[in-house]
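The primary structure of each chain is shown beneath.
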Amino acid sequence: MSETSVAHFYDELADDYHLIYSDWDASVRRQGDALDALIGQDLAVLDCSCGIGTQAIGLALRGHRVTGTDISPRAAARAAREAARRSLSLCTAAADMRRLPFSDGRFDAVVCADNSLPHLLTEQDVNAALAEMRRVLRPGGRLLISTRPYDDLLRDRPASTPPQVHRFAEADGGERTVTFQLWHWHDDGEHYDLEHFQLLPAGGEWRVQVRRTTYWALGGDRLAGLAAEAGFVDPQWRMPQETGFFQPLLVAHAGE
């Protein structure tokens, strides 16, 4: 992973990230509820890929003591502002998940959601991130990682995602936004370059934003195996129809 390119991707997206959702506040609450049901109550939680705060704020709303880090300084700063607007306490910092700036055993749970881990493009980098997540967890602490459903996607290798069309509330003008992605698969069949398109209303015209990044389509068994090698016990995939979370979740706990 190029730290600069991934940070740049999310720095550019930070101001418009909420437009990916039809109702970002509702998604914050829904995702927080789903994650809360898997980790327990009143915990010290690290969201090590917090973005603009979708999961971190949702967990804070459920009463957890949440710290958020992200490789994008702009995204992490926006997460802090969004939490403050809701009168929530959320400490945030810019940090790489492969080098977390925390002491050993500080957290009861670590969350790495929304397909963030697959920005790491080599097994060495994934191992480094998982080792850091294990290090900052107390013994028995819970790990939750969500990714795209890559076992299905590796079979089909889609070239794009369907466009998502969302409409602002009437109070905000009632205009529409359109989001879609183009995927360009590498020859190895596992990595893909992504072009993220946002069409935003601009005075009767469309303003087009295109942002680019790269992912590693990590299959479920492979990621679960890497988690086990990093010292996590009983890694299991939990599907959206079971958890209510929008992506498959790898759930495990830190060994004693």
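For the structure itself, look to the data block above.
Residues numbered from 1 in each chain as written. Predicted model: local features only at pLDDT ≥ 70, side-chain atom pairs only at ≥ 80, totals over all residues. Heavy atoms only, no water.

Caption draft 1: Summary view of the overall build of the protein chain. Looking only at helices and strands, the protein chain has eight helices and eleven strands in total. For the protein chain, the C-alpha radius of gyration of 18 Å lies close to 18 Å, the compact-globule estimate for 256 residues. Structurally, the protein chain occupies a C-alpha span of about 60 × 50 × 35 Å along its principal axes. Within the protein chain, the proportion of its 256 residues that are buried is 54%. Looking at the protein chain alone, contacts between residues at least 24 apart form 63% of all its contacts between residues at least 6 apart. Taking the 26 positively charged and 37 negatively charged side chains of the protein chain as two groups, their mean positions are separated by 4 Å. (Helix = DSSP H or I, 4+ residues; strand = E, 2+ residues; numbered from the N terminus. Rg over C-alpha atoms; globule rule 2.2 N^0.38 Å. Buried < 20%, exposed > 50% of the residue type's maximum accessible area, 1.4 Å probe, protein only. Contact = heavy atoms within 4.5 Å. Lys, Arg positive; Asp, Glu negative; His and termini not counted. Charge placed at Lys NZ, Arg CZ, Asp CG, Glu CD.)

Caption draft 2: Quick peek at the environment of Arg86. Mapped onto the elements of the fold, Arg86 is located in the loop between α4 (73-85) and β3 (91-94). C-alpha of Arg86 to C-alpha of Ala202: the two residues are 116 residues apart in sequence and 29 Å apart in space. Beyond its immediate chain neighbours, meaning those up to four positions away, Arg86 contacts Trp24, Asp25 and Ile57. Within the structure, the side chain of Arg86 is placed 2.8 Å from the side chain of Glu82, a separation counted as a polar contact. (Polar contact = N/O pair within 3.5 Å; in protein donor to acceptor, adjacent residues only side chain to side chain.)

Caption draft 3: Molecular detail of the pattern of salt bridges. All told, the structure shown has 20 salt bridges when counted by the stated rule. Residue Asp33 is joined to Arg62 by a salt bridge in which the shortest nitrogen-to-oxygen separation is 3.4 Å. Taken as a pair, Asp33 in helix α2 (residues 24-39) and Arg62 in the loop between α3 (54-61) and β2 (65-70) lie far apart in primary sequence, 29 residues in all. A relative accessible area of 39% means that Asp33 is categorised as partly exposed. (Salt bridge = Lys/Arg side-chain N within 4 Å of Asp/Glu carboxyl O.)

Caption draft 4: Broad picture of the pairing of strand β8 (residues 191-202). Within β8, nine of the twelve residues are buried, leaving the element largely enclosed by the surrounding structure. In this sheet, β8 lies alongside strand β7 (residues 176-185) in antiparallel orientation, the contact comprising eight bridges. Residue pairing in the sheet places Trp185 in a bridge with Tyr192 of β8. Joining the antiparallel neighbours β7 and β8 is a turn of five residues, in which Gly189 adopts a positive phi near 75 degrees. The loop that links β8 with its antiparallel partner strand β9 (residues 205-216) comprises two residues; one of these, Gly203, has a positive phi angle of about 60 degrees. (Pairing = 2+ DSSP bridges.)

Caption draft 5: Representation of the sheet that holds strand β6 (residues 164-167) in the model. Taken together, four strands build an open sheet; the order of strands is β6-β7-β8-β9 and the sheet is antiparallel. On the outer flanks of this sheet lie β6 and β9, each paired with one strand and no other. Within this sheet the neighbouring strands show an average axis-to-axis angle of 20 degrees, counted without direction. (Axes fitted to C-alpha atoms, helices over the stretch in contact; angles between N-to-C directions.)

Caption draft 6: View of α4. The end-to-end C-alpha distance of α4 is 19 Å, a good match for the 18 Å that 13 residues give at a rise of 1.5 Å each. Residues of α4 that are buried: Ala75, Ala76, Arg78, Ala79, Glu82 and Ala83. The arc that holds the buried residues of α4, viewed along the axis, is 160 degrees, so those residues lie on one side. Residues Ala84 and Arg85 are exposed on α4 and point more than 90 degrees away from its buried face. Positioned one or two residues after α4, Ser87 has a phi angle of 60 degrees, which is positive. (Expected span 1.5 Å × (residues − 1). Arc of directions from axis to C-beta.)

Caption draft 7: Just the sheet that holds strand β11 (residues 249-254), in detail. Ordered by their spatial adjacency, seven strands build an open sheet running β3-β2-β1-β4-β5-β11-β10, and the pairing between neighbours is mixed. Where the open sheet ends on each side, the last strands, each with one partner, are β3 and β10 (232-238). This sheet shows a mean twist of 15 degrees between the axes of neighbouring strands, independent of strand direction. In the sheet, strand β5 (residues 137-146) pairs with β11 via five bridges, with the strands oriented antiparallel. Bridge assignment links Arg142 to a residue of β11, and that residue is His253. Against the sheet, α4 touches β2 and β3, its axis set at about 170 degrees to β3. Across the face of the sheet, helix α7 (residues 220-229) comes into contact with β5, β10 and β11 while running at roughly 160 degrees to β10.

Caption draft 8: Region of the structure containing the packing of aromatic side chains. Within this structure, the stated rule accounts for ten aromatic pairs. On the numbers, 6.4 Å between centres and 40 degrees between planes, the contact of Tyr17 with Tyr21 is tilted. Residues Tyr17 and Tyr21 agree in their burial class; the two are buried. Between Trp183 and Tyr192 the ring centres are 4.4 Å apart and the planes differ by 20 degrees, which places this aromatic pair in the stacked class. An identical accessibility class is assigned to Trp183 and Tyr192; each is buried. Ring pairs connect the aromatic residues Tyr150, Trp183, Trp185, Tyr192 and Tyr215, which therefore count as one cluster. If you follow Arg157 out to its NZ or CZ, it ends over the ring of Trp185, 5.9 Å from the centre. (Phe/Tyr/Trp six-rings, centres within 6.5 Å; stacked < 30°, edge-to-face > 60°. Lys NZ or Arg CZ within 6 Å of the ring centre and 35° of its normal.)

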